[in-house]
Amino acid sequence: MFIGYARVSTSEQETSLQLDAFGAAGVDTVYQDKASGVGKRPQLQRALRALKPGDTLVVWKIDRLARSLSDLLSLLAQIEARGARFRSLTEPIDTSSSMGTFVLQILGAVAQLERSIIRERVMAGQAAARARGKTWGPVRTLSPERERRLVAWFLEGGRTYRQAAEKFEVSLGIAKCAIYRVVRPDAPYLSRRRQCR
């Protein structure tokens with residue numbers, strides 16, 4: 001019996017491509033996770049428990065199964081302990097032979113090296129951008145001076161948050177955040193709002 005395991009990293013991504021490949025390969029049952037390869041993967045655990053002697057766990061690519069060589073080797077040991085085999089549809093990997101197992105370990109090591117190199121490049125790029133003064137996140141809607149004027153105008157009395165927002169042409173949430181920073185800096189509203197900028 002072929003048991004498929006499909007995974008995408010975020011809930012916005014879809015497993016359609018993997019499922020189509022499983023259908024073409026005659027995979028009987030498919031378990032799917034929408035989670036990072038380093039996070040919890042409950043459907044992978046279900047797929048491993050479902051394996052019986054003679055079954056084959058099928059994935060589209062080995063990086064859908066494991067994110068590091070040690071993780072890959074651990075999962076292969078669990079598959080082997082159940083008397084099952086492993087197969088990748090897009091790479092020439094089938095652990096029914098010793099050569100297939102060897103190739104799998106080599107590809108797992110190469111994939112881990114590639115991820116490490118990409119991570120190093122991203123970190124180096126971010127460090128260089130920071131050194132040039134680049135910042136991330138939302139751009140502050142109100143300059144410090146406009147925010148001071150908004151708060152002073154509001155504190156003159158008799159004005160609502162909405163009026164402050166309309167006068168200074170910002171959203172109601174931005175106006176509230178500016179005022180709360182002065183009037184109620186410990187307000188839970190500030191920590192709840194993601195765009196208090």
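Reading the values: the criteria
- Residues numbered from 1 in each chain as written.
- Predicted model: local features only at pLDDT ≥ 70, side-chain atom pairs only at ≥ 80, totals over all residues.
- Heavy atoms only, no water.
- Salt bridge = Lys/Arg side-chain N within 4 Å of Asp/Glu carboxyl O.
- Helix = DSSP H or I, 4+ residues; strand = E, 2+ residues; numbered from the N terminus.
- Pairing = 2+ DSSP bridges.
- Phe/Tyr/Trp six-rings, centres within 6.5 Å; stacked < 30°, edge-to-face > 60°.
- Buried < 20%, exposed > 50% of the residue type's maximum accessible area, 1.4 Å probe, protein only.

J.: Can you tell me about the pattern of salt bridges, naming the residues and giving the values?
T.: Overall, the coordinates contain six salt bridges when judged by the stated rule. One salt bridge in this structure joins R148 and E145, with 2.7 Å as the shortest N-O distance. On the criterion of helical spacing, the pair formed by R148 and E145 is a turn pair, its members being three residues apart in helix α5 (residues 144–155). The shortest N-O distance in the salt bridge between E147 and R181 comes to 3.1 Å. With a gap of 34 residues between them, E147 in helix α5 and R181 in helix α7 (residues 172–183) connect regions that are remote in the sequence.

J.: Explain the sheet that holds strand β1 (residues 2–8) to me, using residue names and the numbers behind them.
T.: Taken in spatial order, the five strands line up as β2-β1-β3-β4-β5 in an open sheet, and their pairing is mixed. Both outer strands of the open sheet, β2 (29–34) and β5 (93–94), are each paired with one neighbouring strand and no more. In this sheet, β5 lies alongside strand β4 (residues 85–88) in antiparallel orientation, the contact comprising two bridges. In the strand pairing of β5, R87 is matched with D94.

J.: Explain the packing of aromatic side chains to me, and be specific about the residues and the numbers.
T.: Enumeration over the complete set of coordinates arrives at three aromatic pairs. With centroids separated by 6.3 Å and ring planes inclined at 70°, the aromatic side chains of W153 and F168 adopt a geometry described as edge-to-face. Linking W153 in helix α5 with F168 in the loop between α6 (161–167) and α7, this pair joins segments that are 15 residues apart in sequence. F168 matches W153 in its accessibility class, with the two residues each being buried. Plain terms: the ring middles of F154 and Y161 are 5.1 Å apart, the flat faces sit at 10° to each other, and that makes the pair stacked. Overall, F154 belongs to the buried group, its relative accessible area being 14%. One aromatic cluster is present, formed by F154, Y161 and Y180 through successive ring pairs.

Nothing here speaks to function; it is geometry throughout.
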